[in-house]
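Observations on the model geometry
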Amino acid sequence: EAAVTQSPRNKVTVTGGNVTLSCRQTNSHNYMYWYRQDTGHGLRLIHYSYGAGNLQIGDVPDGYKATRTTQEDFFLLLELASPSQTSLYFCASSEGTGVYEQYFGPGTRLTVL
Amino acid sequence: GDSVTQTEGLVTVTEGLPVKLNCTYQTTYLTIAFFWYVQYLNEAPQVLLRSSTDNKRTEHQGFHATLHKSSSSFHLQKSSAQLSDSALYYCALSGNTRKLIFGLGTTLQVQP
């Protein structure tokens, strides 16, 4: 079974702060994704990647940067955090697209004061 | 554009009774796959069902769904709801792009 881990699990920062969320998957999946989950909005795709060094823009990218340093590691960066970015963030990975499912990490709860 | 619609934000059902969660879609993709993801409280989403074959029933953990391209639907059903089925359910579409298109989700509450 796919193993996706995220760190930290909880993070509190202040407005204007700098935050990095980390995601690691250990199943050699090519595809990795960052989502945010908010009540009433479901899961929204922020950025995704289909390989080391590759980055694709998702549906809600404003205020976020991402970097895929290796096949295993995908980072989400908030350089000037705002209260609107308070959310539950999920990382996911998949072997491919189409019929391949995405495996989600446990999530990071971010609070921006 | 391509979209997935889950019409109910909340479905409440009594334990032992049947339940149906609706999912319809719009897409221009020729080759598509569909998923139902389930998210239990304080857990991550996980796949419950998947299908890419028209008019073929797929089943898992007592739930079933059939992709009907003629009506653009992939409804989730169970004949007898259990308390442990209470969760958030997402319907999702996978087309020719590298991402899933999720519906907004339906919370299922099963009451005694």
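To keep things clear, this report deals only with the structure shown in the data block. (Residues numbered from 1 in each chain as written. Chains lettered and ligands numbered in written order. Predicted model: local features only at pLDDT ≥ 70, side-chain atom pairs only at ≥ 80, totals over all residues. Heavy atoms only, no water.)

**Brief notes about the overall build of chain B**
Formally: Numbering goes from the N terminus for both helices and strands, where a helix is a DSSP run of H or I of at least four residues and a strand is a run of E of at least two. In this setup the radius of gyration rests on C-alpha atoms only. A globule is expected at 2.2 Å times the number of residues raised to 0.38. For every residue, the accessible area (1.4 Å probe, protein chains only) is compared with the maximum for its type, and the residue is labelled buried under 20%, exposed over 50%, or partly exposed between those bounds. The charged-residue count follows a simple rule in which Lys and Arg add positive charge and Asp and Glu add negative charge, with His and chain termini not counted at all. Throughout, a charge is located at the NZ atom of Lys, the CZ atom of Arg, the CG atom of Asp or the CD atom of Glu.
A count of helices and strands for chain B gives 0 helices and 12 strands. For chain B, the succession of helices and strands along the chain, N to C, is β-β-β-β-β-β-β-β-β-β-β-β. A globule of 112 residues ought to have a C-alpha radius of gyration of about 13 Å, and chain B, at 13 Å, matches this closely. Here the C-alpha coordinates of chain B stretch approximately 45 × 30 × 20 Å along the principal axes. Taking all 112 residues of chain B together, 48% fall into the buried category. Within chain B, one finds 8 positive and 7 negative side-chain charges whose respective centroids are separated by 10 Å.

**Points about the overall build of chain A**
Check the secondary structure of chain A and you find 0 helices and 11 strands. What you see for chain A is a C-alpha radius of gyration of 13 Å, in line with the 13 Å of a compact globule of 113 residues. Seen through its C-alpha atoms, chain A measures out along the principal axes to roughly 40 × 30 × 25 Å. Taken together, the 8 basic and 9 acidic charged side chains of chain A have centroids lying 9 Å from each other.

**Focus on the sheet that holds strand β8 (residues 63-66) of chain B**
Residues and elements named next belong to chain B. Let me state the cut-off plainly: Strands are labelled as partners when DSSP assigns at least two bridges between them. Only C-alpha atoms enter the line fits that serve as axes; for helices the fit covers just the stretch in contact. Angles between N-to-C directions range over 0 to 180 degrees.
Taken in spatial order, the 4 strands line up as β3-β9-β8-β7 in an open sheet, and their pairing is antiparallel. A single partner strand is all that each edge strand has here, and the edge strands are β3 (19-21) and β7 (57-60). The mean angle between the axes of side-by-side strands here comes to 20 degrees, regardless of whether they run parallel or antiparallel. As paired strands, β7 and β8 are joined by 4 bridges and run antiparallel to one another. Bridge assignment links E59 to a residue of β8, and that residue is H64.

**Quick notes on the side chain of B:T58**
Residues and elements named next belong to chain B. Threshold: The contact criterion used is simple: two residues touch if any of their non-hydrogen atoms lie within 4.5 Å.
Residue position: T58 is located in strand β7. Look at T58 and you get buried, because its relative accessible area is 17%. Among residues more than four places away in sequence, those in contact with T58 are L49, R50, S51, F63, H64, A65 and F74.

**Here we look at the pairing of strand β4 (residues 31-38) of chain A**
All names here are of chain A. Across the 8 residues of β4, 8 count as buried, placing the element largely inside the fold. Residue alternation in β4 divides its side chains into two sets, Y31, Y33, Y35 and Q37 and M32, W34, R36 and D38, and both sets are buried. The pairing of β4 with strand β9 (residues 87-94) spans 7 bridges and is classified as antiparallel. Each residue of the ladder has a partner; that of R36, found in β9, is Y89. Judged from the 7 bridges that link them, β4 and strand β5 (residues 42-49) form a sheet pairing that is antiparallel. Along β5, the bridge assignment pairs D38 with G42. A loop of 3 residues connects β4 with β5, the two strands running antiparallel in sequence, and G40 in this loop sits at a positive phi of about 85 degrees.

**A few points about the interface of chain A and chain B**
Our working definition: Buried area: the sum, over both parts, of the accessible surface (1.4 Å probe) that disappears when the two are put together. By convention in these notes, a salt bridge is any Lys or Arg side-chain nitrogen within 4 Å of a carboxyl oxygen on Asp or Glu. Any pair of N or O atoms that falls within 3.5 Å is considered a polar contact. Within protein, one atom must be able to donate a hydrogen and the other to accept it, and sequence-neighbouring residues count only if both atoms are side-chain atoms. Ten residues, namely Ala, Val, Leu, Ile, Met, Phe, Trp, Tyr, Cys and Pro, are considered nonpolar, four, namely Asp, Glu, Lys and Arg, are considered charged, and the remaining ones, Gly among them, are considered polar.
With 22 residues of chain A at the interface, the matching set in chain B holds 20 residues. Across the chain A to chain B interface the summed buried area is about 1,700 Å²; carbon plus sulfur atoms make up 55%. Connecting chain A to chain B are 2 salt bridges. Measuring nitrogen to oxygen at the nearest pair gives 3.0 Å for the salt bridge that ties A:D59 to B:K99. One can count 5 residue pairs in polar contact (both at pLDDT 80 or more) joining chain A with chain B. Among the secondary structure elements, those contributing two or more residues to the side of chain A that touches chain B are β4 and β5 of chain A. Classifying every residue of the side of chain A that touches chain B gives 12 nonpolar, 8 polar and 2 charged.

**Section: a nonpolar patch on the surface**
All names here are of chain A. Applied cut-off: Patch criteria: residues need more than 30% relative accessible area and no salt bridge. Like-charged residues are merged within 9 Å; nonpolar side chains of Val, Leu, Ile, Met, Phe, Trp and Tyr are merged within 5 Å. Note that accessible areas follow from Shrake-Rupley with a 1.4 Å probe, and for residues the cover is restricted to the protein chains shown.
The grouping of V12, V14 and L113 at the surface amounts to a nonpolar patch, some 300 Å² of accessible area in total. The topology assignment puts L113 in the segment after β11 (108-112). Look at L113 and you get exposed, because its relative accessible area is 59%.

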